[in-house]
Structure formats: C-alpha cells, structure tokens
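Structural characterization, general
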Amino acid sequence: MRKLLSLILLFGTFSLFAQEAVQPRPSPLAVVSCKYKDSYLKIVYSQPHKHGREVFGKLVPFGQVWRLGANEATELTISREVFIDSHLLSAGTYAVFAIPEKDKWTIIFNSETGQWGSYNYNKDKDVLRIERTVQTLPGELVYEPFTISIDQKNNKADIVITWDKTTVSFGVDFIEPKP
C-alpha cells in the first residue's frame, strides 16, 4: 500500500510539472527573419503587452538598459557581415538591448548571448551602439504587443521596433556576396 501511495505521489508530481510546462507565456516568444541571396537575419524576442499600462518612462524607465522585450534578452543572428546604419557588424549572434529616452534610443549589440533580461548586462561586451530618433504613432494608433518587424527591399531592410505609441527603426544593408 505504501509503495502504491508513493507511486501515485511521484507520478502526480510529474503530471503537475508537465501541466505547468504547457501553460502559455504571458510574453510569448516571437521570431522575425529575412533573407537576401545567401545571407539571412533573424531576431528572436519575447512580446510583452501593454495591458493598459504606461510603457515608456514608467514600465520601461528612461535612461536605463532594457532587454528590448521581455524574459530573455532579444537576440539577433546574422549569417554574414552586414552594415547597421553604416557600421559593419560581423556575422554571429548578438544580444540586443536599448536605452530608451523620450526623444531618442540607443540600440546596443552585445556579444554576450543567453542572458535573462538585462540584469547581468556588461557594457564591456558591447560590439556596436547606434542612436535612433523616436517616432510617435499617428492619431489614436496604439500597439498593444511589443513588436519587432522587418521591412525588406532587396539588399536593404529596416528593423522597426513598435510598442504603445512609440516606434524606432534602424537600417540593415546586406553585403553583396562575392562571385
């Protein structure tokens, strides 16, 4: 009887953990990608939602390093070197952070991947920093989910970051492969 009870408790515990594993994430994982000839770019991030909250300056404080999404730090992978706003970025995977301000953001490409949030962010691992001007969405338009999108035209792409009434973008130029 004791063995039977132990087995029931043991399997009941595994069942409980299995059920927890399939619960949806409050900030679901999202992936965007694009390809140009033999090069590709992929961004993996988690999508928090506004849920009636004041986002920039409150939920995401101004002047502090932010993971650019939720949960794990956003990661950008490029298969070949590219130009990010005219700055060369080598092939590889990078954690992407931002320092939001009211009128401008600093976008940071950092070589230390696999980070949870920005708690262990190390400025010494920064590979590239760019500053971009903030745009406000027109009228009553509000983005409920944090969204990263790619607008690609041939060998050029704009990475567009949008949440609440704020949007920031930066350009990517794919380098032509050598024959």
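What comes next is a walk through the structure. (Residues numbered from 1 in each chain as written. Predicted model: local features only at pLDDT ≥ 70, side-chain atom pairs only at ≥ 80, totals over all residues. Heavy atoms only, no water.)

**Quick word on the packing of aromatic side chains**
For any pair of aromatic rings, geometry is given as the distance between the ring centres together with the angle between the planes. Considering all chains together, one arrives at eleven aromatic pairs under this definition. For the pair Trp 66 and Trp 163, a centre-to-centre distance of 6.1 Å together with 10° between the ring planes defines the contact as stacked. Residue Trp 66 is found in the loop between β2 (39-46) and β3 (74-78), and its partner Trp 163 is found in strand β11 (residues 156-164); the two are separated by 97 residues along the sequence. For the residue pair Trp 66 and Trp 163, the accessibility class agrees, reading buried in each case. Ring geometry for Phe 97 against Tyr 121: centres 5.1 Å apart, planes inclined by 65°, an arrangement best described as edge-to-face. (Phe/Tyr/Trp six-rings, centres within 6.5 Å; stacked < 30°, edge-to-face > 60°. Helix = DSSP H or I, 4+ residues; strand = E, 2+ residues; numbered from the N terminus. Buried < 20%, exposed > 50% of the residue type's maximum accessible area, 1.4 Å probe, protein only.)

**A word on the side chain of Thr 77**
Tracing the backbone through its elements, the reader meets Thr 77 in strand β3. According to the relative accessible area criterion, Thr 77 is buried, its value standing at 16%. A polar side-chain atom of Thr 77 sits 2.9 Å from a polar atom in the side chain of Thr 93. Beyond its immediate sequence surroundings of up to four residues, Thr 77 is in contact with Tyr 40, Leu 41, Lys 42, Gly 92 and Thr 93. (Polar contact = N/O pair within 3.5 Å; in protein donor to acceptor, adjacent residues only side chain to side chain. Contact = heavy atoms within 4.5 Å.)

**Remarks on the pattern of salt bridges**
For the structure on display, the rule yields eight salt bridges. Between Lys 104 and Glu 131 there is a salt bridge whose closest N-O contact spans 3.2 Å. Taken together, the positions of Lys 104 in strand β7 (residues 104-110) and Glu 131 in strand β8 (residues 126-133) put the pair 27 residues apart, joining distant regions of the chain. In this structure Lys 104 comes out as partly exposed when scored by relative accessible area, which is 36%. Residue classification places Glu 131 among the exposed residues on the basis of a relative accessible area of 51%. Residues Asp 173 and Lys 156 are paired through a salt bridge, measuring 3.0 Å at the closest nitrogen-oxygen approach. With Asp 173 in strand β12 (residues 166-174) and Lys 156 in strand β11, this residue pair connects regions lying 17 residues apart in the sequence. Looking at Asp 173, the relative accessible area reads 24%, which means it is partly exposed. Residue class for Lys 156 comes out partly exposed when judged on its relative accessible area of 46%. (Salt bridge = Lys/Arg side-chain N within 4 Å of Asp/Glu carboxyl O.)

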